[in-house]
Amino acid sequence: GGAEQQWQFVFQPSGYYTIQNVASQLYLTDTGGSSTAGTLLEQMPATNDDPQLWGIVENGPGLMIWNKATSLAIDDPGWNDNDGTVIDLWTPNGGYNQTWSVVQ
């Protein structure tokens, strides 16, 4: 529940969101706009380009978050519940490992 686990979603005029970490003030980014499934997410300074823009759609009991540049979804690889799991991007498949809860 610390600031490093809190993210601010800001709706942009383009119709997409930026996702900024509260602690680092950096933005969730598909580094280089890679369209390769399995690409790891990173936090980077604001660039105001498509690799930092995110679409959000309902997905079962939560939300699927996908990147504007690549259309890849934020994904928990292997449905892993271990601390320190690295989150990546993957082809949208509607799985619960691509379903996220956003709490205010």
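Residues numbered from 1 in each chain as written. Predicted model: local features only at pLDDT ≥ 70, side-chain atom pairs only at ≥ 80, totals over all residues. Heavy atoms only, no water.

## Thoughts on the environment of W90
Okay, step 1: Here W90 lies in strand 8 (residues 88–90).
Okay, step 2: Between the C-alpha atom of W90 and that of G38, which follows or precedes it by 52 residues, the distance is 5.7 Å.
Okay, step 3: Here W90 is in contact with A37, G38, L72, A73, D75 and Q98, once residues within four sequence places are set aside. (Helix = DSSP H or I, 4+ residues; strand = E, 2+ residues; numbered from the N terminus. Contact = heavy atoms within 4.5 Å.)

## Here we look at the pattern of salt bridges
Okay, step 1: One pass over the structure, following the stated rule, counts one salt bridge.
Okay, step 2: For K68, the salt bridge goes to D50, with nearest N and O atoms at 3.3 Å. Of this pair, K68 sits in the loop between strand 6 (62–67) and strand 7 (73–75) while D50 sits in the loop between strand 4 (41–44) and strand 5 (54–59), placing them 18 residues apart in sequence. (Salt bridge = Lys/Arg side-chain N within 4 Å of Asp/Glu carboxyl O.)

## Digging into the packing of aromatic side chains
Okay, step 1: The final tally for this structure, using the stated rule, is three aromatic pairs.
Okay, step 2: With centroids separated by 5.1 Å and ring planes inclined at 70°, the aromatic side chains of F11 and Y17 adopt a geometry described as edge-to-face.
Okay, step 3: Connected via pairs of aromatic rings, a cluster forms that spans F9, F11 and Y17. (Phe/Tyr/Trp six-rings, centres within 6.5 Å; stacked < 30°, edge-to-face > 60°.)

Structural measurements only, silent on function.
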